[in-house]
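# Observations on chain architecture
Chain by chain, the residues:
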Amino acid sequence: MIEEHAIVTSTEAGIAEVEIMRRSTCNACNARSGCGVSLLDRVLGRRPQRLLLANRIAARTGDEVIVGMPEAALLKAALAAYMLPLAGLLAGAIAGDLMLAERSAEQGLPLLTGALGFAGALLGTRLYSRRLAADPRWRAVLLRRVTQSLPVGLPGVR
């Protein structure tokens, strides 16, 4: 189970909205000056991720909680996001190349069929990700509270 700290921003009818601040290990990595992730973080900034989760631990607004996600869900999502489009692009380009009866200077068909294969694979990725999102076994869940929110109006230190 992959775990991440989050803050409960609101609760309503058994649902908790949590905010997860994405963390990056860019400061510890030697390749940070030439890394695309580091560049995107600098340009776009880090924005928190918000999730709506079943509140089975009775968390309240302001609680710090641990959110968990199965490792297999992350692996399946990564494979779908990276490998399916690449496979579609390559399969389409190879199919277009095989369709050419003669090897001429015209190589536009493999380019076109590669783009069509890529687009088809993106559509397949979208359908697959919807199916994964609908399956409760692959959803993130609230695991436990780390800290409890303080009652409003009472002095205290967190």
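Residues numbered from 1 in each chain as written. Predicted model: local features only at pLDDT ≥ 70, side-chain atom pairs only at ≥ 80, totals over all residues. Heavy atoms only, no water.

### Quick notes on the overall build of the protein chain
This is how the line gets drawn: Here a helix means four or more residues in a row that DSSP labels H or I, a strand means two or more in a row labelled E, and each is numbered from the N terminus. Throughout, exposure labels follow a simple rule: accessible area from a 1.4 Å probe, protein chains only, divided by the maximum for the residue type, with under 20% read as buried, over 50% as exposed, and the rest as partly exposed. We call two residues contacting when some pair of their heavy atoms lies within 4.5 Å. Only the protein chains shown count as cover for residues, and all accessible areas are computed by the Shrake-Rupley method using a 1.4 Å probe.
A tally of helices and strands in the protein chain yields three helices and five strands. Across the protein chain, helices and strands are ordered from the amino to the carboxyl terminus as β-β-α-β-β-α-α-β. By the burial criterion, 23% of the 158 residues in the protein chain qualify as buried. Long-range pairs, those at least 24 residues apart, make up 71% of the contacts in the protein chain with a sequence separation of at least 6. Accessible surface, the protein chain: about 11,100 Å² in total, of which carbon and sulfur atoms supply 63%.

### Things to note about the nonpolar core
Spelled out, the test is: Think of a nonpolar core as a cluster: buried Ala, Val, Leu, Ile, Met, Phe, Trp, Tyr and Cys residues, connected wherever their side-chain atoms sit within 4.5 Å.
Counting eleven residues, the largest nonpolar core consists of A6, V8, A16, V18, I20, L53, I57, A59, V65, V67 and L142. Per element, the largest residue contribution to this core is three residues, and it comes from strand β2 (residues 15-20). In this structure, L53 is in contact with G14, I15, A16, V18, V67, A140, V141 and L142, ignoring residues within four places of it in sequence.

### Concerning helix α2 (residues 71-99)
How we decide: Take the residue count of a helix, subtract one, and multiply by 1.5 Å to get its expected span.
For α2, with 29 residues, the first-to-last C-alpha span of 41 Å sits near the 42 Å given by 1.5 Å per residue. Listing the buried residues of α2 in full gives A73, A80, P85, G88, G92 and G96. Summarising the contacts, the buried residues of α2 are in contact with β4 (64-69) and α3 (108-134).

### What about the side chain of N55?
Mapped onto the fold, N55 is located in the loop between β3 (49-54) and β4. Leave out the neighbours within four places in its chain, and N55 touches T11, G14, I15, A16 and L142.

### Quick look at the pattern of salt bridges
Put simply, the test is: Each salt bridge in this description consists of a side-chain nitrogen of Lys or Arg and a carboxyl oxygen of Asp or Glu lying within 4 Å of one another.
Using the criterion set out here, one finds five salt bridges in the structure. Across the pair R144 and E3 runs a salt bridge whose closest N-O atoms are separated by 3.0 Å. Residue R144 is located in strand β5 (residues 141-147), and its partner E3 is located in strand β1 (residues 2-12); the two are separated by 141 residues in the primary sequence. A salt bridge links E19 to R50, with the shortest nitrogen-to-oxygen separation between them at 2.7 Å. With E19 in strand β2 and R50 in strand β3, this residue pair connects regions lying 31 residues apart in the sequence. What you see here is one network of salt bridges that share partners, running through E17, E19 and R50.

### Some remarks on the packing of α2 against α3
Formally: Fitting a line to C-alpha atoms yields each axis, with helices limited to the stretch in contact; the angle taken between N-to-C directions then spans 0 to 180 degrees. An angle counts as roughly parallel when it lies under 35 degrees, as roughly antiparallel when it exceeds 145, as roughly perpendicular when it falls between 65 and 115, and as oblique in every other case. Working rule for handedness: look at the near helix, and if it is turned counterclockwise from the far one by less than a right angle, call the crossing left-handed; if clockwise, right-handed. Residue polarity is assigned by list, with Asp, Glu, Lys and Arg as charged and Ala, Val, Leu, Ile, Met, Phe, Trp, Tyr, Cys and Pro as nonpolar; anything else, Gly included, falls into the polar class.
The interhelical angle for the contact between α2 and α3, taken along N-to-C directions, is 155°, at an axis separation of 7 Å. Comparing their axes, α3 and α2 come out roughly antiparallel. Considering only the axes of α2 and α3, their crossing is right-handed. In the contact of α2 with α3, the residues fall into 16 nonpolar, seven polar and two charged.

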